[in-house]
Amino acid sequence: MAKAKKLRIRKHAVVLNRSRGGDTGIGIMLFLLGAFMFLPMVYAISQSLKPLDELWKFPPNFIVHNPTVKNYTDLFRLMNTSWVPFSRYLFNTVLISVSGTFGNLILSSMAAYALSKIKFPGRGWMFQMIVLSLMFSATAASIANFITMSLLHWVDTLWAVIVPAWGSTLGLYLMKQFMESSVSDAVLESARLDGSSEFNTFIRIAMPMVKPAWLTLIVYSFQGLWNSGASIYIYSEELKTFNYAISQILSGGIVRAGAGAASTVVMMIVPVVVFVITQSNIIETMSASGMKD
Amino acid sequence: MAKQAAAKQAKKPVSRKDMSRIRWTMREIMRNKTAYVLVLPFMIIFFLFTVIPVVVSLALSLTTFNMLQWPNFIFFDNYIRLFLDDDLFIKAIQNTLIFAAVTGPVSYVLSFAVAWFINELSPKVRALVTLVFYAPSISGAVYTIWGVFFSGNAYGYVNAWLMRLGLIEEPIQWFQNAAYVMPLCIVVALWTSLGTAFLSFIAGLQIVDRSLYEAGAVDGVRNRWQELWYITLPYMRPQLMFGAIMAITGSFGFGGIVDALAGNPSVDYCAWTITHHLADYGNSRFEVGYASAISVVLFAMMFGANLLIKRLLSKLGQ
């Protein structure tokens, strides 16, 4: 008992109960895990910069010795000679990502506002169903969805990919939780008393207050759609996505090893850059993500 | 007091007790018309592509539907066939359970551990470390680099090293060998698994009330482990619940990684999972009734996992 609380002051904060041994142990763990996460990424980038003789060298180099951008130029050459022009795949991916995200943003924010800020009969079970849906991955519903798509005559059209994305629930869930915790009822109430219509209150007052949440929704939806590969509803080659085309290059084997490595790097740049820009907003939104039971 | 009550009465002339439940509900619905206009578009899409498919799957799983003929009602025959007469399905269930039981908990604990480790770093360093850990989960097909790493010839990094160290003579065909496919796919899945739950934990740890830690220290919390168990974890239960749901959903949907690394089907079907079985019967053979039964089993497993997690989380900090 004589040894009282350990209190240490670090650069930015006073911390309690922190032993040096614990700090070191955690530091080592973090370093090892970080290496496990980071090295494959480094290897991917290094691989994409290797000239042909280094790609097929024994023993292989982890880090490229004579970096070249030839793999990237090869990749673009491959894209230009493919049967369906690559710009078409890219167009499909951009179209799916943008329209899917836009629709999801509009529908989700409307629903999130109603569910979190208007007390109407039915909102309880509606939200409960949305929470329940978070527990199931979409594959489990894919069989029955195929029937829906054929009834709607949407098989082999991009609608089959875009419209279901509008009803994705994770973004709605995050936005609803965030609205609940950061938009005060008093502000909305006074706007209503001033004669602002419910719709106006939603657009003019609530939405500007939840900017981090809609940024998060955009990032999530965009990432999911950007990475979407072959869909079971799409057969036509000219309706397939960029990611699908990349995976075709990847499976091209030896000849295309360099271009394949370059293509994975190209695919990862967009989501990573988007996350770097929006990270603080996403973390802010996530602070409201908790699920109260 | 009475005046206030009267004023309230005047403002809201009808209270809940003045009328029947149904009439009150109808009145509330009319009063909140805008709310329904706001939720309706989302709900239509949500029902059409998520809720109805689940119900339809349940119904179709009791029939012989094949997209061509009118379905016959056959009670539980599909389920009997699944569990008693389909060896591949039993293998798929085993693999799926192994995969979920390893990746789910490990990625969950890993997400929390890393978030907790980096919680006390300065904000800038924390943002950078967050990016390093989170990047694999959003980088799409970049996990195929593991295929190069473990490539079956001598140019694969792992084989090259094992050969140089003299541990093996011939390169190992990692993804053609049934003994290695599952473990390797699990490692790769873990590599990509620090996603939404991880971010939720990072944010959750930041908003724990600091004064609780001080109060805890006064009340006899003596090290960081006690602090974690008695203060941080109970306080973070909402985030932990959300993270668990994300981890479970992730751990049941990993077919893509197996396909990209080990091919579809994998050697001897050694990494065959329920998702594969589902796609095989549903999208290739169009035995929709049978496939629906498979998806109902998948639903049941995810649901069971969620119930289990809820149970476990209610015991935190006790």
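**A short note on the overall build of chain B**
When its secondary structure is counted, chain B shows 16 helices and zero strands. In terms of C-alpha radius of gyration, chain B reaches 26 Å, well past the compact-globule figure of 20 Å for 318 residues. Along the first, second and third principal axes, the C-alpha atoms of chain B reach 95 × 70 × 35 Å. For chain B, with 318 residues in total, the buried portion stands at 51%. Here the analysis covers contacts within chain B between residues at least 6 apart in sequence; of these, 68% occur between residues at least 24 apart. Between the centroid of the 24 positive side chains of chain B and the centroid of its 17 negative side chains there is a distance of 22 Å.

**With respect to the nonpolar core**
Among the nonpolar cores identified, the biggest contains 123 residues, and Phe 112, Phe 133, Phe 198, Leu 199 and Leu 240 of chain B are the most heavily contacted of them. The element best represented in this core is helix α16 (residues 288–313) of chain B, accounting for 14 residues. Each of domain 1 (7–68) and domain 2 (78–286) of chain A contributes no fewer than three residues to this core. Each residue touching Phe 112 of chain B, except ones within four places of it in the same chain, is listed here: Phe 201, Leu 205, Leu 228, Leu 233, Met 236 and Leu 240 of chain B. By size, the runner-up hydrophobic cluster in this structure holds 41 residues, among which are Ala 114 and Phe 202 of chain A together with Ala 35 and Met 43 of chain B.

**Observations concerning the domain arrangement of chain A**
All names here are of chain A. When the domains of chain A are assigned, the result is domain 1 (7–68) and domain 2 (78–286). Measuring from the centre of the C-alpha atoms in domain 1 to the corresponding centre in domain 2 gives 32 Å. Each partner contributes to the interface: domain 1 provides seven residues, whereas domain 2 provides seven residues. Together domain 1 and domain 2 conceal approximately 570 Å² of surface at their shared face, both sides included; 85% is due to carbon and sulfur atoms. Inspection of the domain 1/domain 2 interface yields zero salt bridges. On the surface where domain 1 and domain 2 come into contact, there are zero residue pairs in polar contact (both at pLDDT 80 or more). Looking at the side of domain 1 that touches domain 2 element by element, the count peaks at five residues for helix α1 (residues 20–48). A per-class count over the side of domain 1 that touches domain 2 returns five nonpolar, two polar and no charged.

**Some words on the interface of chain B and chain A**
Taken together, the contact between chain B and chain A spans 98 residues of the former and 101 residues of the latter. Interface of chain B and chain A: buried area, both sides summed, is about 8,800 Å²; carbon and sulfur atoms make up 77% of it. Linking chain B with chain A are one salt bridge, by the criterion used here. Here Arg 224 of chain B ties to Asp 23 of chain A by a salt bridge, and the two come within 2.6 Å at their closest N and O atoms. The class makeup of the residues in the side of chain B that touches chain A is 68 nonpolar, 23 polar and seven charged.

**Observations regarding unusual backbone geometry**
At His 153 of chain A, a position not held by glycine, the phi torsion is positive, near 60°. By secondary structure assignment, the location of His 153 of chain A is in the loop between α6 (142–151) and α7 (159–166). One non-glycine residue, Tyr 269 of chain B, adopts positive backbone phi at about 55°. With respect to the helices and strands, the residue Tyr 269 of chain B is situated in the loop between α14 (255–262) and α15 (274–284). For Tyr 269 of chain B, a relative accessible area of 34% corresponds to the partly exposed category.

**Considering the packing of aromatic side chains**
Going through the model one piece at a time under the given rule, you end up with 39 aromatic pairs over all chains. One aromatic cluster is present, formed by Phe 36, Tyr 43 and Phe 62 of chain A together with Trp 146, Phe 149, Phe 150, Tyr 157, Trp 174, Tyr 180 and Trp 191 of chain B through successive ring pairs. Looking at Arg 164 of chain B, its charged tip hangs above the ring of Trp 161 of chain B, at a distance of 5.1 Å from the centre.

**Details of the packing of α1 of chain A against helix α5 (residues 87–117) of chain B**
Remark: α1 of chain A packs on α5 of chain B, axes separated minimally by 10 Å, with the N-to-C direction vectors making an angle of 125°. One way to sum up the angle between α1 of chain A and α5 of chain B is to call them oblique. Remark: the crossing between α1 of chain A and α5 of chain B carries left-handed chirality. Together, Ile 26, Met 29, Leu 30 and Leu 33 of chain A of α1 of chain A and Leu 110, Val 114, Trp 116 and Phe 117 of chain B of α5 of chain B make up the contact between the two elements. Here the contact of α1 of chain A with α5 of chain B is composed, by residue class, of eight nonpolar, no polar and no charged.

**Some points on the pattern of salt bridges**
Residue and element names in this part refer to chain A. Evaluated as defined, the whole model comprises ten salt bridges over all chains. Put simply, Lys 117 and Asp 185 hold a salt bridge, and the shortest N to O gap is 3.0 Å. One end of the pair, Lys 117, is in helix α4 (residues 86–117); the other, Asp 185, is in helix α9 (residues 185–193), and 68 residues separate them in sequence. Taking relative accessible area as the criterion, Lys 117 reaches 7% and is therefore assigned buried. The class of Asp 185 is partly exposed, set by a relative accessible area of 44%. Put simply, Glu 180 and Lys 176 hold a salt bridge, and the shortest N to O gap is 3.0 Å. You can see Glu 180 and its partner Lys 176 sitting in helix α8 (residues 169–182), four residues apart, about one turn around the helix.

**Some details on a nonpolar patch on the surface**
All names here are of chain B. On the surface, a cluster of nonpolar side chains totalling about 760 Å² of accessible area is made up of Phe 73, Phe 75, Phe 76, Ile 80, Phe 83, Leu 84 and Ile 90. Top contributing element to the nonpolar patch by residue count: helix α4 (residues 77–85), with three residues. Its location among the elements puts Leu 84 in helix α4.

**Here's the deal with the environment of His 277 of chain B**
All names here are of chain B. Looking at the element boundaries, His 277 is found in helix α15. Expressed as a C-alpha distance, the spacing of His 277 and Ile 93, which sit 184 residues apart in the sequence, is 9.6 Å. Ignoring any residue separated from it by four or fewer positions in sequence, one finds His 277 in contact with Asp 86, Leu 88, Phe 89, Trp 272 and Ile 294. A polar side-chain atom of His 277 sits 3.0 Å from a polar atom in the side chain of Asp 86. Among the polar contacts listed, one links the side chain of His 277 to the side chain of Trp 272, at a separation of 3.0 Å.

**Structural notes on helix α11 (residues 210–218) of chain B**
Residue and element names in this part refer to chain B. Among the residues of α11, those classed as buried are Tyr 213, Gly 216 and Ala 217. Seen from one end, α11 has its buried residues packed into an arc of 100°, which puts them on one side. Gly 220 lies just past α11 and shows a positive phi near 105°.

**A few points about helix α3 (residues 70–81) of chain A**
Residue and element names in this part refer to chain A. With twelve residues, α3 should reach 16 Å at 1.5 Å per residue; the first-to-last C-alpha distance of 16 Å fits that figure. Of all the positions in α3, only Asn 71, Tyr 72, Asp 74, Leu 75, Leu 78 and Met 79 are classed as buried. Across the axial projection of α3, the buried residues extend over an arc of 155°, all falling on one side. The exposed residues of α3 that point more than 90 degrees off its buried face are Asn 80 and Thr 81. Taken together, the buried residues of α3 touch α1, α4, α12 (242–250) and α13 (257–286).

Cut-offs and rules
Residues numbered from 1 in each chain as written. Chains lettered and ligands numbered in written order. Predicted model: local features only at pLDDT ≥ 70, side-chain atom pairs only at ≥ 80, totals over all residues. Heavy atoms only, no water. Helix = DSSP H or I, 4+ residues; strand = E, 2+ residues; numbered from the N terminus. Rg over C-alpha atoms; globule rule 2.2 N^0.38 Å. Buried < 20%, exposed > 50% of the residue type's maximum accessible area, 1.4 Å probe, protein only. Contact = heavy atoms within 4.5 Å. Lys, Arg positive; Asp, Glu negative; His and termini not counted. Charge placed at Lys NZ, Arg CZ, Asp CG, Glu CD. Core = buried A, V, L, I, M, F, W, Y, C linked by side-chain atoms within 4.5 Å. Domains from an automatic or database assignment. Buried area = accessible area lost by both parts, 1.4 Å probe. Salt bridge = Lys/Arg side-chain N within 4 Å of Asp/Glu carboxyl O. Polar contact = N/O pair within 3.5 Å; in protein donor to acceptor, adjacent residues only side chain to side chain. Nonpolar A, V, L, I, M, F, W, Y, C, P; charged D, E, K, R; others polar. Phe/Tyr/Trp six-rings, centres within 6.5 Å; stacked < 30°, edge-to-face > 60°. Lys NZ or Arg CZ within 6 Å of the ring centre and 35° of its normal. Axes fitted to C-alpha atoms, helices over the stretch in contact; angles between N-to-C directions. Parallel < 35°, antiparallel > 145°, perpendicular 65-115°, else oblique. Left-handed = near helix turned anticlockwise from the far one by under 90°. Patch = residues over 30% accessible without salt bridge, like charges linked within 9 Å, V, L, I, M, F, W, Y side chains within 5 Å. Areas by Shrake-Rupley, 256 points an atom, 1.4 Å probe, with all protein chains shown as cover. Arc of directions from axis to C-beta. Expected span 1.5 Å × (residues − 1).

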